[in-house]
Amino acid sequence: MKSNPYDVLIVGGGNAALCAALSAREQGARVVVLERAPQQERGGNSTFTGGGMRFVYHSPEEIYKIADLTPEEIANTDFGTYTENRFFDDLYRVTQYRTNPDLAEVLIKGSNAAVYWLRGQGVHFVPGYGRHAARVNGKFKFSAGVTVGAAGEGRGLVDTLYAAAARAGIDVYYNANVKSLLYDDHGVQGVDARINGKSAAIRSIAVILACGGFEANAEWRTRYLGFGWDLAKVRGSRFNTGDGIRMAIEIGAQPYGNWSGAHAAAWDLNAPAYGDINVGDGYGKQRYPYGIMINTDGKRFLDEGADFNILTYAKYGRIILAQPGQMAWQIFDSKVIGLLGHLYNIKQMTRVRANSLEDLASKLEGVNKAQFLETVAHFNGAVQQNVSFNPTIKDGRGTSGLKIEKSNWAQTISDGPFEAYAVTCGITFTFGGLKITTQSEVVDTEEQPIRGLYAAGELVGGIFYFNYPGGSGLTSGTVFGRIAGKSAANFCKQIGS
Ligand SMILES: Cc1cc2nc3c(=O)[nH]c(=O)nc-3n(C[C@H](O)[C@H](O)[C@H](O)COP(=O)(O)OP(=O)(O)OC[C@H]3O[C@@H](n4cnc5c(N)ncnc54)[C@H](O)[C@@H]3O)c2cc1C
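Residues numbered from 1 in each chain as written. Predicted model: local features only at pLDDT ≥ 70, side-chain atom pairs only at ≥ 80, totals over all residues. Heavy atoms only, no water.

A. Geometry of the overall build of the protein chain. Along the backbone of the protein chain there are 14 helices and 22 strands. Against the 2.2 N^0.38 benchmark of 23 Å for 497 residues, the protein chain shows a C-alpha radius of gyration of 23 Å, consistent with a compact globule. Taking the contacts inside the protein chain whose residues are at least 6 apart along the sequence as the reference set, 74% of them involve residues at least 24 apart. Summed over all atoms, the accessible surface of the protein chain reaches about 18600 Å², with 48% contributed by carbon and sulfur. Distance between charge centres in the protein chain, computed from 49 positive and 47 negative side chains, equals 2 Å. (Helix = DSSP H or I, 4+ residues; strand = E, 2+ residues; numbered from the N terminus. Rg over C-alpha atoms; globule rule 2.2 N^0.38 Å. Contact = heavy atoms within 4.5 Å. Areas by Shrake-Rupley, 256 points an atom, 1.4 Å probe, with all protein chains shown as cover. Lys, Arg positive; Asp, Glu negative; His and termini not counted. Charge placed at Lys NZ, Arg CZ, Asp CG, Glu CD.)

The following block contains the structure:
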C-alpha cells in the first residue's frame with residue numbers, strides 16, 4: 001500500500017470530488033485531488049450554483065439546526081417538511097419512473113445525513129427566500145423541497161470544502177488535466193495527466209471520477225442530445241467535457257442512463273457562451289409560472305404553470321431551444337413583477353419595459369406583433385378568474401379553452417407597466433454517464449465492478465431522465481461522493497492488509 005504516494009486519487013474539483021476526498025481522508029486514506037481548472041476557476045459547476053440542496057427533513061427544528069436564522073425569520077417562515085415519500089414521488093414523477101430505484105433510494109435516504117455532514121465540514125446554510133419561497137400575508141412558505149442553500153451560494157460551498165480539504169491534509173493540484181486511466185489486469189492504478197502543461201503519470205490504489213458530464217462539449221452535445229444542442233449556452237464550467245466518462249468507457253465501463261437527456265433551463269439570451277462566475281446563476285430566469293412565455297411567432301408553446309418551477313425548469317430549456325431562433329420572451333404584468341425576485345433585477349439581462357401591450361409588442365425584437373397581441377388577448381380571456389391566485393400552493397387557477405393550457409397561477413397580462421425578458425436555452429449538465437453500484441463502484445459492460453474505480457456526481461448515469469427535481473445535483477454529489485470516498489478508502493485498506 002505504501003509504495004504509492006497516494007491511496008485515493010480524485011479526478012475533478014467540484015462538490016462531488018471534494019466530498020469524496022474528505023470522506024476518503026476521514027477513513028485515513030492519503031488523498032490527492034486533480035482539478036483541471038486553474039485555481040481561480042476551481043470548483044466546476046458547483047461554484048456556479050445557487051447552493052440549493054434538496055433533502056429530507058421532518059420538522060422545522062431540523063432546519064434550525066443547520067441554518068443561521070434570526071428570531072424574525074423563524075417567526076415569519078413556514079419551513080414545512082419534506083418527507084422521504086415526497087422526495088421519492090418527485091424524483092419518480094419527473095423522471096417518468098425511469099430513475100434507477102437502487103440509486104434513487106441511496107440518494108433520498110442519504111440526503112439528510114449528507115447535509116448535516118456538510119455542516120460538519122464547516123458549510124453554513126441559509127434559507128432560499130429569494131428563490132424557493134413565496135410570501136403570502138407577510139409569511140414566507142417553502143413548498144417544493146428546496147428550502148436551504150449553502151451560505152455564499154456555490155462559491156461559498158466550494159471555498160469552504162477546499163478549506164476543509166486543506167485542513168485535512170489533502171493535496172490539490174490545479175491545471176491538472178487528467179487524460180486517461182492507468183489500467184491493467186489488477187484494475188485501475190492511477191492516471192495520466194497534464195499538470196501545468198507537463199505530462200505526468202500519478203499512481204494510486206484507487207481512483208474516483210468526479211469530473212462532471214459533457215455539457216461543455218459542443219460536439220458531444222450534438223452527437224448525443226441531438227440537432228441544435230451545439231447552439232445552447234453553457235450555464236456553468238467550461239471544463240466539463242466528458243473526459244471522465246470517456247476514459248472510463250475506454251477501459252470497459254458501461255455507458256448508462258439518459259444519454260439523450262440533459263438539464264437545461266431558461267437563460268438570458270445574451271449571456272456568454274459559458275458561465276460567468278461573477279454572475280453565477282444570475283442569468284437564470286425561472287419565474288415563468290407567474291407570466292407567459294412566447295416565441296418569435298408570438299405564440300405560447302408550453303404550460304408555464306404545470307408545476308412549481310423547481311420541478312419544471314430543467315426540462316423547459318430543451319423546449320426553448322426548439323423554438324425559432326432558439327429563443328423566447330417571458331412576459332409579466334405589474335401584478336406579479338414584485339414576485340420575480342432578485343434574479344430578475346441584475347445588470348446583465350435582456351429586458352424591455354412598456355406601459356401598454358402595444359408598446360411592449362413593438363419592443364419584442366423579432367416577434368410577430370399581431371400574433372403576440374392576439375395570444376395575450378386569448379390568454380386573458382381564458383384565465384379562470386373565479387379561482388384565487390396563491391403562489392405558495394399549486395392553486396389550480398388555470399386557463400380554460402386554450403390549445404396549450406396554463407395549469408396554475410394564471411393571471412391576466414393586463415395591467416401596465418409590463419416587462420419582458422429574452423431567454424434562450426442554458427444547459428446545466430448531461431444525464432447520461434457511467435453505471436455505478438450503490439457503493440459507487442463503476443460497473444463494466446459485464447455488470448462487474450471495475451477494480452479500484454469509483455464515481456460520483458454529474459457523470460453518474462441512471463438517476464435523472466428527461467427532467468430533474470431542482471437541488472438534487474449537489475445532494476447527489478455529496479451522497480455519492482461520501483460513499484465513493486469511503487468505498488475507495490476501504491478498498492485501499494483491503495489491498496494494504
Ligand atoms: C448555474 C448553475 C446553477 C446550479 N444550481 C444548482 C443548485 O442550486 N443546486 C443543485 O443541487 N445543483 C445546481 N446546479 C447543478 C450542480 O452544479 C451540479 O449538479 C453539481 O455541482 C455537480 O457537481 P460535480 O462535482 O459532479 O461537478 P462539477 O462541480 O462540475 O465538478 C466537476 C469538476 O471536474 C473538473 N474536471 C473536468 N474534466 C476534468 C479532467 N479531465 N481532469 C481533471 N478535472 C476535470 C472540473 O474542472 C470541475 O472541477 C447548478 C448548475 C449550474 C451550472
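Having seen the structure, we can now continue with the description.
B. Representation of the site of the ligand. In the vicinity of the ligand, 40 residues are found, and the nearest of them are Glu35, Asn45, Ser46, Gly52 and Asn240. Within the backbone of Gly52, an N or O atom sits 2.8 Å from a nitrogen atom of the ligand. If the ligand stood free it would expose 1000 Å²; the protein chains cover 98% of that surface. Listed by contribution, the elements that provide at least two residues to the shell around the ligand are helix H1 (15–26), helix H2 (44–48), strand S10 (176–184), strand S19 (418–430) and helix H14 (472–496). Per element, the largest residue contribution to the shell around the ligand is four residues, and it comes from H2. For the shell around the ligand, the per-class residue count stands at 13 nonpolar, 21 polar and six charged. (Near = heavy atom within 4 Å. Polar contact = N/O pair within 3.5 Å; in protein donor to acceptor, adjacent residues only side chain to side chain. Nonpolar A, V, L, I, M, F, W, Y, C, P; charged D, E, K, R; others polar.)

C. Up close: the packing of aromatic side chains. Overall, the coordinates contain 28 aromatic pairs when judged by the stated rule. Feature note: the residues Tyr64, Phe79, Tyr129, Phe140 and Phe142 constitute an aromatic cluster, connected by ring pairs. Directly above the aromatic system of Tyr162 lies the positively charged group of Arg42, at a separation of 4.0 Å from the ring centroid. The ring of Tyr256 has Lys435 lying over it, and the distance from NZ or CZ to the ring centre is 4.8 Å. (Phe/Tyr/Trp six-rings, centres within 6.5 Å; stacked < 30°, edge-to-face > 60°. Lys NZ or Arg CZ within 6 Å of the ring centre and 35° of its normal.)

D. Focus on helix H8 (residues 153–167). Compared with the 21 Å implied by 1.5 Å per residue over 15 residues, the 21 Å span of H8 between its first and last C-alpha is a close match. All of the buried residues along H8 are Gly154, Gly156, Leu157, Val158, Leu161, Tyr162, Ala164 and Ala165. (Expected span 1.5 Å × (residues − 1). Buried < 20%, exposed > 50% of the residue type's maximum accessible area, 1.4 Å probe, protein only.)

E. View of the domain arrangement of the protein chain. By domain assignment, the protein chain separates into domain 1 (6–215 + 432–496) and domain 2 (263–426). Summarising the inter-unit geometry, the C-alpha centres of domain 1 and domain 2 are found 32 Å apart. Each partner contributes to the interface: domain 1 provides 23 residues, whereas domain 2 provides 22 residues. Counting each side, the surface lost to burial between domain 1 and domain 2 is near 1800 Å², with a carbon and sulfur contribution of 61%. Taken as a group, Phe48, Arg131 and Asn467 account for 32% of the area that domain 1 buries against domain 2, more than any other trio of residues on that side. Run the count over domain 1 and domain 2 and you get one salt bridge. Where Asp307 meets Arg93, a salt bridge forms, and the shortest distance between an N and an O atom there is 3.3 Å. In this assembly, domain 1 and domain 2 are joined by four residue pairs in polar contact (both at pLDDT 80 or more). Secondary-structure elements contributing two or more residues to the side of domain 1 that touches domain 2 are H2, helix H5 (84–94), helix H7 (129–132) and strand S6 (133–136). Residues that form the side of domain 1 that touches domain 2 fall into these classes: nine nonpolar, eight polar and six charged. (Domains from an automatic or database assignment. Buried area = accessible area lost by both parts, 1.4 Å probe. Salt bridge = Lys/Arg side-chain N within 4 Å of Asp/Glu carboxyl O.)

F. Seen up close, the sheet that holds strand S4 (residues 77–78). Pairing in this open sheet of three strands is mixed, and the strands run S4-S7-S6 from one edge to the other. The sheet is open, and its two edges are formed by S4 and S6, each paired on a single side. With two bridges joining them, S4 and strand S7 (residues 139–142) adopt parallel strand pairing. Residue pairing in the sheet places Asp78 in a bridge with Lys141 of S7. (Pairing = 2+ DSSP bridges.)

G. Main features of the pairing of S19. Along S19, 13 of the 13 residues are buried, which leaves the element largely enclosed by surrounding structure. Bridge analysis of strand S13 (residues 233–234) against S19 gives two bridges, and the strand direction is parallel. Within S19, the position partnered with Val234 by the bridge is Ile427. Alignment of strand S15 (residues 262–268) against S19, held across seven bridges, turns out to be antiparallel. By the bridge assignment, Ala266 is partnered in S19 with Cys425.

H. Here's a closer look at the pattern of salt bridges. Applying the stated criterion across every chain, the model contains 18 salt bridges. In this structure, Asp7 and Arg30 form a salt bridge, with 2.6 Å as the shortest nitrogen-oxygen distance. With Asp7 in strand S1 (residues 6–11) and Arg30 in the loop between H1 and strand S2 (31–34), the pair connects residues that are 23 residues apart, well separated along the chain. Take Asp7: its relative accessible area is 0%, and that puts it in the buried class. Owing to a relative accessible area of 23%, Arg30 belongs among the partly exposed residues under this scheme.

I. Representation of the nonpolar core in the model. Of all hydrophobic cores here, the largest spans 131 residues; its most connected members are Leu34, Val191, Leu209 and Leu453. In this structure, this core is formed jointly by two domains, domain 1 (6–215 + 432–496) and domain 2 (263–426), each of which donates at least three residues. In this structure, Leu360, Ala361, Phe372 and Leu402 belong to the second largest nonpolar core, which totals 23 residues. (Core = buried A, V, L, I, M, F, W, Y, C linked by side-chain atoms within 4.5 Å.)

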